[in-house]
Every structure is written in structure tokens, then in C-alpha cells.
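Listed below are the residues making up each chain.
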Amino acid sequence: MFAASIRWGVMTNPVVSRGRLFPGRLRRVLDRASSCFPWPRTVRDTCFFGLRVTPGGPGYFSRKLMRAFDRQGIQVTHDRLRAAQSALLFSVSWGDWFYRLCDLWDVRTVLRVDGFMLPGYFDNRSQPSGFQDRALTSNDMRLNYRIQRDLLQADHVIFQSVFSKEMADTYLYNRQEHYSVIYNGVDLGKFCPDEGHNGRVRLLVAGSLRHEYVLGTVLPVFAQLWRRYDLDLHVVGSLGKICRKQLSDFSETNPEASDRILVTGAVDNDDMSSYMRQADVLLHPRLGDWCPNVVVEALACGLPVVCGSWGGTAELVGAGGVVVPTKKWSYGREFVQSMVMAVETVLDSLDDYRVLARQRAEAEFDICHIANKYATALGLTHSGK
């Protein structure tokens with residue numbers, strides 16, 4: 001159990017409705033079966049999406065892009081492949097047969113690379129109790145092989161960052177033509193700054209908090225800075241067992257600071273902006289991310305970001321925060337101290353960083369502009385309108 005002094009927030013609307021007609025696995029089977037039917041092609045620009053709205057980064061982005069396409073007059077289908085002019089695949093296709101159908105029906109295929117199992121991380125290293133299992137299973141290897149095939153077979157490939165392209169080139173397949181680097185986008189009207197908030201300066205860590213190195217970095221940073229800056233820490237996202245244990249241990253060893261920690265469970269992506277507007281700095285210690293939605297959204301809310309340099313996150317932040325030099329998966333005391341200094345830098349010039357963060361989002365991550373880039377890659381005639 002957590003120490004009583006850690007405050008728990010209320011979990012808002014779940015990401016996926018429990019009242020759906022079909023559970024996820026059955027829905028995927030039905031989508032595949034229905035996509036084999038020779039539906040008539042529509043006159044209206046139509047794109048097949050290989051992923052419905054689901055929990056997690058790819059599902060969140062699917063919803064954002066679908067909304068932007070709708071505003072552009074582009075229709076999205078999940079189960080009528082033949083009716084579409086193009087197909088957007090998230091992470092992986094359904095197999096070689098999918099491409100044969102697309103060739104038969106003249107459907108342009110575009111693969112969005114969402115990530116894969118990096119052999120350098122899933123190295124079968126044995127872990128003590130509580131650590132993430134690093135076993136590279138046969139299923140993981142089959143997934144990587146499928147992505148290799150997709151990188152070769154798709155008409156066009158979209159990478160979420162230069163880092164994403166580099167990792168795919170190194171470990172899977174070096175795609176040398178017909179590809180784009182397109183960052184994730186955000187609705188700048190929904191995710192936007194407000195007039196500020198009352199109370200203490202607040203650090204935020206958000207997203208999927210499954211791995212011990214996330215809070216293993218954030219909590220020591222908070223421990224060193226809370227007195228000097230009168231800080232609160234807000235933890236928003238799905239917590240793994242090890243993260244719950246870390247919070248409990250921190251509360252026991254730092255009782256005078258534990259009542260400054262507010263823990264909120266997983267929230268729907270549409271609700272995340274309200275939490276970001278109540279924060280002052282987003283700590284994103286995860287290294288090796290492709291293009292995390294939470295960072296793009298934070299910048300749009302005028303929330304400066306502190307992160308490490310290894311991974312796609314550093315490409316996103318720009319002047320809207322501080323990027324800490326680090327090596328590949330280089331967590332530890334040196335990284336913590338660098339993050340401490342980076343947070344101090346931001347807090348000492350917080351108003352300036354807030355402005356720069358929003359400017360960065362407006363310049364690079366407007367979902368309308370991102371949707372135009374996707375439409376161009378997909379070959380849709382309404383692209384850019």
C-alpha cells in the first residue's frame with residue numbers, strides 16, 4: 001500500500017469505452033474479413049486506416065489524424081479496403097496478402113513506423129525481481145521480421161523522427177527512397193496555454209509509466225529540488241507495479257515531501273491538456289523514444305520539456321526546453337544530476353521557456369499541417385487544402 005501522504009487523483013474517462021459492441025480482438029478479425037470484400041470505390045477521397053482508436057501512442061495519433069482528415073473532407077474506413085484510394089498502416093501490415101489485395105485494387109500503401117523491438121535492448125539479459133523482462137521472444141522476432149517486410153513492400157514509408165529512421169536502417173531495413181519524416185501532430189486549439197495556475201511550481205511526468213527508470217530518474221530530481229523551488233510533483237498515467245513500489249518507498253524515506261506528490265491514473269488523451277496547463281515543467285526521462293505524443297502536447301500547452309539527447313524526443317523539443325546530453329540508455333546518477341541542472345535552467349527562466357515551447361509547437365506540430373503531409377504521402381487529391 002502507498003503511504004497515506006501521497007495524494008491520489010481521480011481517473012477520468014477511460015481511453016476505450018467498455019461498452020463497445022465488439023471486443024478489440026474480435027473487432028480486428030472482423031475488420032480483416034470485411035476488408036477482403038470487393039466494396040465499390042467511393043468518389044470521395046477515402047483512406048483505409050489499419051488501426052482503430054486504441055490505448056497507447058499509435059491509437060491516440062490515429063484518432064487525431066482521423067479528426068484532421070475529417071475536417072479536410074477525407075473519409076476514413078477501417079474495414080472497406082477496396083473502397084479506399086490509399087491505406088495507412090500503423091506499425092505493421094496484416095501480411096503479404098494485404099499487399100497483393102492492394103495491388104489488385106490499386107490501393108496505395110503507406111507504412112507509419114511506430115517502433116519495433118530493438119535487439120540492443122531486448123538482449124535476453126536476466127533481471128532481478130521488479131525489473132522489466134528483456135527477453136527477445138520468438139513473437140518479438142516475428143514482429144520485427146514483419147516490419148522488415150513492410151519496409152520493403154510499402155509504396156511509401158513515414159518515419160516519426162530522424163531517430164526512428166536511423167534505428168530502422170540499423171536493425172531492420174535501410175529504406176533509401178519513397179519515404180518521409182513526419183512528426184506527430186497536435187490540435188493547437190485543444191492543447192494550448194492558459195493564463196497560468198495558482199499555487200506551487202509543479203513538475204509533471206506523464207504517459208505510460210511501466211519502467212523503473214522513469215520514476216527512478218524523476219523522484220531523485222524532485223527530491224533535490226522541491227525545497228529550493230517549493231515544488232509539487234504530479235504523476236499522470238498508467239503505473240506499473242514497480243512504479244507503485246517506487247512511489248511507496250519514496251513516501252517512506254521522504255515523508256516531508258511525500259504530501260507534495262499527486263498521483264493520477266491513466267486518463268484519456270483528450271483530457272491530458274487540463275493536467276498540462278496546471279504544470280510548469282514536463283520531465284521526460286525516457287531515452288530512445290521515437291516521437292512521444294506527450295512531448296508534442298506539452299509544447300503546445302506552453303509546457304517546457306526536459307529530456308535526454310538519445311532518441312527522437314530531442315528533435316521535438318528544440319528551444320522549448322532543455323535537452324540533456326546522454327548516451328544510449330544511459331540512466332544513473334550522472335543523468336539524474338544533468339536533469340536537475342536542466343530543470344533549474346528552465347525554472348530560472350520559466351516565462352521565456354513557456355513562450356518558446358508554444359512557438360515550437362506552432363511551427364512544427366500543428367495537426368492540420370501534419371495531416372496535409374500525410375495526405376500528400378498517401379496520394380490523396382485533397383492534400384494541402
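In case you missed it, the structure is sitting above this.
Okay, so let's go over this structure. (Residues numbered from 1 in each chain as written. Predicted model: local features only at pLDDT ≥ 70, side-chain atom pairs only at ≥ 80, totals over all residues. Heavy atoms only, no water.)

## Description of the overall build of the chain
Here comes step 1: Of the regular secondary structure elements, the chain holds 14 helices and 13 strands.
Here comes step 2: The globule rule puts the C-alpha radius of gyration for 385 residues at 21 Å, and the 21 Å found for the chain is close to it.
Here comes step 3: Expressed as lengths along the three principal axes of its C-alpha atoms, the size of the chain is roughly 65 × 50 × 45 Å.
Here comes step 4: Within the span of the chain, comprising 385 residues, buried residues form 53% of the whole.
Here comes step 5: Put simply, of all contacts in the chain between residues at least 6 apart along the chain, 73% involve residues at least 24 apart.
Here comes step 6: Split by element, the accessible area of the chain, about 17,300 Å² in all, is 52% carbon and sulfur.
Here comes step 7: Side chains of the chain give 46 positive and 41 negative charges; the mean places of these two sets differ by 6 Å. (Helix = DSSP H or I, 4+ residues; strand = E, 2+ residues; numbered from the N terminus. Rg over C-alpha atoms; globule rule 2.2 N^0.38 Å. Buried < 20%, exposed > 50% of the residue type's maximum accessible area, 1.4 Å probe, protein only. Contact = heavy atoms within 4.5 Å. Areas by Shrake-Rupley, 256 points an atom, 1.4 Å probe, with all protein chains shown as cover. Lys, Arg positive; Asp, Glu negative; His and termini not counted. Charge placed at Lys NZ, Arg CZ, Asp CG, Glu CD.)

## Notes on the state of the cysteines
Here comes step 1: Tallying each qualifying case throughout the model produces zero disulfides.
Here comes step 2: With no disulfide of its own, cysteine 192 has cysteine 301 as its nearest cysteine by sulfur position, at a separation of 6.7 Å.
Here comes step 3: Judged by relative accessible area, which is 21%, cysteine 192 ranks as partly exposed. (Disulfide = S-S within 2.5 Å.)

## Side note on helix 2 (residues 57–71)
Here comes step 1: The end-to-end C-alpha distance of helix 2, which contains 15 residues, comes to 22 Å, matching closely the 21 Å that a straight helix rising 1.5 Å per residue would cover.
Here comes step 2: Within helix 2, the full set of buried residues consists of Gly59, Tyr60, Phe61, Ser62, Arg63, Lys64, Leu65, Ala68 and Phe69.
Here comes step 3: Each element contacted by the buried residues of helix 2 is listed here: strand 2 (46–49), strand 3 (75–77), strand 4 (86–90), strand 5 (108–113), helix 10 (293–300) and helix 14 (367–378). (Expected span 1.5 Å × (residues − 1).)

## Focus on the pattern of salt bridges
Here comes step 1: Tallied over the full model, the rule gives 22 salt bridges.
Here comes step 2: In this structure, arginine 354 engages aspartate 280 in a salt bridge whose closest nitrogen and oxygen atoms are separated by 2.2 Å. Taken as a pair, arginine 354 in helix 13 (residues 350–364) and aspartate 280 in the loop between helix 9 (272–277) and strand 11 (281–284) lie far apart in primary sequence, 74 residues in all.
Here comes step 3: Overall, the relative accessible area of 28% leaves arginine 354 in the partly exposed class.
Here comes step 4: Put simply, Arg63, Arg67, Asp268 and Asp270 are held in one network by salt bridges that share partners. (Salt bridge = Lys/Arg side-chain N within 4 Å of Asp/Glu carboxyl O.)

## Structural notes on the environment of aspartate 270
Here comes step 1: With respect to the element layout, aspartate 270 can be found in the loop between strand 10 (261–264) and helix 9.
Here comes step 2: The spatial distance from the C-alpha of aspartate 270 to the C-alpha of lysine 190 is 8.1 Å, given a sequence separation of 80 residues.
Here comes step 3: Aspartate 270 has contacts with Arg63, Arg67 and Lys190, leaving out every residue within four places of it along the chain.
Here comes step 4: A distance of 2.8 Å separates a polar atom in the side chain of aspartate 270 from a polar atom in the side chain of arginine 67. (Polar contact = N/O pair within 3.5 Å; in protein donor to acceptor, adjacent residues only side chain to side chain.)

## Some thoughts on the nonpolar core
Here comes step 1: Core analysis: the largest hydrophobic core is formed by 69 residues, its most contacted members being Leu81, Leu151, Phe222, Leu233, Ile261, Leu283 and Val306.
Here comes step 2: In terms of residues, this core owes the most to one element, helix 6 (residues 212–229), which gives ten residues.
Here comes step 3: Leaving out residues up to four positions away in the same chain, leucine 283 has contacts with Leu203, Leu204, Val205, Val218, Val221, Val306, Met339 and Val343.
Here comes step 4: Judged by nonpolar contacts, the second largest core, of 29 residues, contains Val267, Val296, Leu303 and Val305. (Core = buried A, V, L, I, M, F, W, Y, C linked by side-chain atoms within 4.5 Å.)

## Examining helix 13
Here comes step 1: Look at helix 13: 21 Å from first C-alpha to last across 15 residues, which is about the 21 Å you get at 1.5 Å a residue.
Here comes step 2: Along helix 13, the residues that are buried comprise Leu350, Tyr353, Ala357, Arg358 and Ala361. The buried residues of helix 13 occupy one face: seen down the axis, they fall within an arc of 135°. Along helix 13, the residues that are exposed and aim more than 90 degrees away from the buried face are Asp351, Asp352 and Ala363. (Arc of directions from axis to C-beta.)

## Considering the environment of alanine 68
Here comes step 1: Its location among the elements puts alanine 68 in helix 2.
Here comes step 2: A relative accessible area of 3% means that alanine 68 is categorised as buried.
Here comes step 3: Along the primary structure alanine 68 and glutamine 160 are separated by 92 residues, whereas in three dimensions their C-alpha atoms are 17 Å apart.
Here comes step 4: The residues contacting alanine 68, other than those within four sequence positions of it, are Ile367 and Ala371.

## Considering the pairing of strand 10
Here comes step 1: By the alternation rule, side chains of strand 10 split into Ile261 and Val263 and Leu262 and Thr264, which are all buried.
Here comes step 2: Relative to strand 10, strand 9 (residues 231–239) is paired through four bridges, and the arrangement is parallel. In the strand pairing of strand 10, valine 236 is matched with threonine 264. (Pairing = 2+ DSSP bridges.)

## Quick look at the side chain of histidine 284
Here comes step 1: By the element assignment, histidine 284 lies in strand 11.
Here comes step 2: When sequence neighbours within four positions are dropped, the list of residues in contact with histidine 284 reads Asp289, Pro292, Val294, Val295, Val305, Val306, Cys307, Gly308, Thr313 and Met339.

## A few points about the pairing of strand 8 (residues 201–209)
Here comes step 1: The sheet contact formed by strand 8 and strand 9 spans nine bridges and is parallel. Residue pairing for strand 9: leucine 203 is matched across the bridge by leucine 233.
Here comes step 2: The β-α-β motif built from strand 8, the intervening helix 6 and the parallel element strand 9 has right-handed crossover chirality. (Right-handed = clockwise from strand over helix to strand, strands pointing away.)

## Description of unusual backbone geometry
Across residues other than glycine, the phi torsion is negative in most instances, and most of the peptide bonds are trans.
Here comes step 1: Backbone geometry places serine 91, a non-glycine residue, at a positive phi of 75°.
Here comes step 2: Within the element layout of this structure, serine 91 appears in the loop between strand 4 and helix 3 (96–105).
Here comes step 3: Residue aspartate 106 is not a glycine yet carries a positive backbone phi of 60°.
Here comes step 4: Mapped onto the elements, aspartate 106 comes out in the loop between helix 3 and strand 5.

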